[in-house]
Amino acid sequence: MSVKQRAAKLLTEVREQVPLVHNITNYVTVNDVANAVLSIGASPIMADDVEEAADITSISQALVINIGTLNKRTIDSMISAGKKANEFGLPVVLDPVGAGASNLRNETTKAIIEQVKISILRGNLSEVSFVAGLDVATKGVDSAEADEENDAVEVAKTVAKRLNCVTAITGAVDIISDGTSVVKIANGHKMLSKVTGTGCMTSALVGAFAGVSKDYLTAAAAGVASMGIAGEMAYEKAGNIGTGSFHIAIIDALSNLDGKTLEEMAKFEEE
Amino acid sequence: MSVKQRAAKLLTEVREQVPLVHNITNYVTVNDVANAVLSIGASPIMADDVEEAADITSISQALVINIGTLNKRTIDSMISAGKKANEFGLPVVLDPVGAGASNLRNETTKAIIEQVKISILRGNLSEVSFVAGLDVATKGVDSAEADEENDAVEVAKTVAKRLNCVTAITGAVDIISDGTSVVKIANGHKMLSKVTGTGCMTSALVGAFAGVSKDYLTAAAAGVASMGIAGEMAYEKAGNIGTGSFHIAIIDALSNLDGKTLEEMAKFEEE
Amino acid sequence: MSVKQRAAKLLTEVREQVPLVHNITNYVTVNDVANAVLSIGASPIMADDVEEAADITSISQALVINIGTLNKRTIDSMISAGKKANEFGLPVVLDPVGAGASNLRNETTKAIIEQVKISILRGNLSEVSFVAGLDVATKGVDSAEADEENDAVEVAKTVAKRLNCVTAITGAVDIISDGTSVVKIANGHKMLSKVTGTGCMTSALVGAFAGVSKDYLTAAAAGVASMGIAGEMAYEKAGNIGTGSFHIAIIDALSNLDGKTLEEMAKFEEE
């Protein structure tokens, strides 16, 4: 089966198995993240106090760590939950939001990577480049434009090899790599950058898919493609109304997405 | 007057009196909670720092405590605000989100109940069963299915008697009890479980109704029925579009709900 | 050029320059704030830990401080970021949400004003009156009704002179003043008070405009007028559907707003 066919199958499995996805995330986009997880057929749970983070991870099928509104209170929770996920063999998705933009984010990203085995790293080119140890100027969290597709492929491969994980760099063309294989995804719409949280939602969707399969390359591709396809459908429906309606239409599209549609609409290029 | 007629009357009173409802709640669904409170005609205020929680309660007509994203910083605030509400004779609604899922949630739920007199406890069957001291497996916060209606009646009565409060267990059929009387509510739609926060919103609506009446059985029934009816109306309007549009349509329906419609649509069975 | 013409021009400049707006804000309305900033053409970033707040301000074009869900953890961040903005000559917008409602909010508002030079103060009449040192009863955060237009003009002027800033008091008629000039804005719709966060979004929009111009009187007027006009457009489109759809239509309207429309629809009275 191709990655595309496997991704379509995974979507069906998410809807059947309803994995519980533990998110330690930011308060800006957390409501959309929860609704995105529900819309794809999984179940979200948010818990970020260090006294319960690991407990909640232990009853979940996946952990998603997002540093979007990082604070010192939750850093220990992220690491504690991450270690528990590693101990239980659960997938850990890391979204290093704004890595490169402040020392706190940089140091925290490093600390998490040092102490927790990451299964899938999902970010924009500048964030993932920071993880790769490259110098890249960061301008905010809503500005990722992976217009340099070739760079993204190299960065994705480098990071995937170094961390022994799957890397997903989202941009005009999304790049997914496990260090060897590369999947390029040409879905999505530029209007997605006009709604906050589409990146965070993508990471949580990836977590939902990883919650039902150890095939993390496919899980990452399925999550990224789901958001891209939802963006296309939402643009078709509400693109000319405004970004508020487009935002709602993204969730509508995710809630209606099935494996057949994903397979038909996904624009994957597998290398 | 029947509970249904009293609930309809209470809705009119909420819209006339605009009670201020203090919510100490989670950051996942807080925006929906505030908008739900506004949509039913009340006024929301959120404040969770221990240095102001009791002050804010003292200018409010009701307090709603929701442990959805519990953290150690706000536990003291919940108790401080709860004691102030007790001192002032204000209603306290407790939503023990995810009780049973972690030690922190369990211990906090116990601590709140020990130190604060609860007026209305609102949760799903597993959460309220935990409070009742029963062993129930919890699977996340969006998974309550009170398919065992008889169990729910027993649990609701038991907890209501033990805490001398009104208990509202929401599920396929909602059960409201003060320990003696039981109101069963058959409104709602299963799609409500596909949007995060419908439970949290319900608890806040209950707080709005309790803010204008000491008849907490009716206040609980009115809040629960309002969400159920809004769910039915929203499904009628947006059920086939997707969960994003359904979510918005819930708030639309609440904002249009009046006493007459509540009385016509409410499916109450009073025992 | 009139203030109205300058405001229209500023909107074009925001869309061209995409200023990065750092918000230290509350978790109730933060998602709407981020989407409002995006919809007007700017870029939002939220960061509130004291270890990174100043760092993030230093890469931004404006700072917006909102005390809506104040807690002790973030007070130091607000002051630290504010001082950095002052050092860098960046605009600081302060939204003293609920000032007057608790000692914590009162003391924090005072502390911020003492330690940070505010460029634009945006609040309702009771909040700004508190800053002016006047006794005004506060009833929640969604209840501002500046029905006493003359009072508002006096309060706005007084505070603007005392703090050497621009003051924007939003209400039925919005009052903007730098202590000498006064702009009255008659846009808006009362339904805006039925959606939480329209005040917070307004302050963030003001921050976006201030991020591209030192003409803070115009920036404040442009931000306030944008929300008022969006409210009118949203009411036209969704006013009879409900407050959920109206909420979404506000963001739609902001995302479609251009300088020409702002100039045509703005109802400014300049004194």
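Criteria and thresholds
Residues numbered from 1 in each chain as written. Chains lettered and ligands numbered in written order. Predicted model: local features only at pLDDT ≥ 70, side-chain atom pairs only at ≥ 80, totals over all residues. Heavy atoms only, no water. Pairing = 2+ DSSP bridges. Helix = DSSP H or I, 4+ residues; strand = E, 2+ residues; numbered from the N terminus. Axes fitted to C-alpha atoms, helices over the stretch in contact; angles between N-to-C directions. Contact = heavy atoms within 4.5 Å. pLDDT = per-residue confidence, 0-100. Buried < 20%, exposed > 50% of the residue type's maximum accessible area, 1.4 Å probe, protein only. Polar contact = N/O pair within 3.5 Å; in protein donor to acceptor, adjacent residues only side chain to side chain. Buried area = accessible area lost by both parts, 1.4 Å probe. Salt bridge = Lys/Arg side-chain N within 4 Å of Asp/Glu carboxyl O.

Engineer: So what exactly am I meant to see when it comes to the sheet that holds strand S1 (residues 20-24) of chain A here?
Structural biologist: Residues and elements named next belong to chain A. Here nine strands make up an open sheet; going across it, the order is S2-S1-S3-S4-S5-S6-S7-S8-S9 and the pairing mixed. Of all the strands in the sheet, just strand S2 (43-46) and strand S9 (268-270) have a single pairing partner and so form its edges. Here the strands of the sheet are splayed against their neighbours by 20 degrees on average, with no regard to which way each runs. Lying over the sheet, helix H1 (residues 3-17) contacts strand S8 (182-185) and S9, oriented at roughly 130 degrees with respect to S9.

Engineer: It is not clear to me how the confidence of the model for chain A should be interpreted in this structure. Could you clarify?
Structural biologist: Reading predicted coordinates in detail is not appropriate for stretches of low pLDDT. For chain A, per-residue confidence averages 94 on the pLDDT scale, and residues scoring 70 or more make up 95% of the total. Reported for the predicted complex are a pTM of 0.95 and an ipTM of 0.94.

Engineer: For this particular structure, what's the right way to read the side chain of Thr167 of chain A?
Structural biologist: All names here are of chain A. As for its placement among the helices and strands, Thr167 is situated in strand S6 (residues 166-169). Residue class for Thr167 comes out buried when judged on its relative accessible area of 0%. Looking at Thr167, its side chain comes within polar contact range of the main-chain nitrogen of Ala160, at 3.3 Å. Excluding its chain neighbours within four sequence positions, the residues that come into contact with Thr167 are Leu121, Val128, Ala156, Val159, Ala160, Ile175, Ile176 and Ser177.

Engineer: Would you take a moment to explain the interface of chain C and chain B for this structure?
Structural biologist: Frequently, the measure chosen for interface size is the accessible area that the parts lose on association. Listed per partner, the contact involves 29 residues of chain C and 29 residues of chain B. Buried surface at the junction of chain C and chain B, both sides included, amounts to about 2400 Å², of which 52% is carbon and sulfur. One can count two salt bridges joining chain C with chain B. A salt bridge links Glu52 of chain B to Arg105 of chain C; the nearest nitrogen and oxygen atoms lie 2.8 Å apart. Where chain C packs against chain B, one counts 13 residue pairs in polar contact (both at pLDDT 80 or more). When residues of the side of chain C that touches chain B are traced back to their parent elements, those giving at least two are helix H5 (103-115) and helix H10 (243-256) of chain C.

Engineer: Explanation requested: the environment of Lys267 of chain B in the structure shown.
Structural biologist: Residue and element names in this part refer to chain B. Mapping Lys267 onto the fold places it in the loop between helix H11 (259-265) and strand S9 (268-270). For the pair Lys267 and Lys4, spaced 263 residues apart in the sequence, the C-alpha separation amounts to 8.5 Å. Apart from residues no more than four positions distant in its own chain, Lys267 is found in contact with Lys184, Ile185, Ala186, Asn187 and Glu232.

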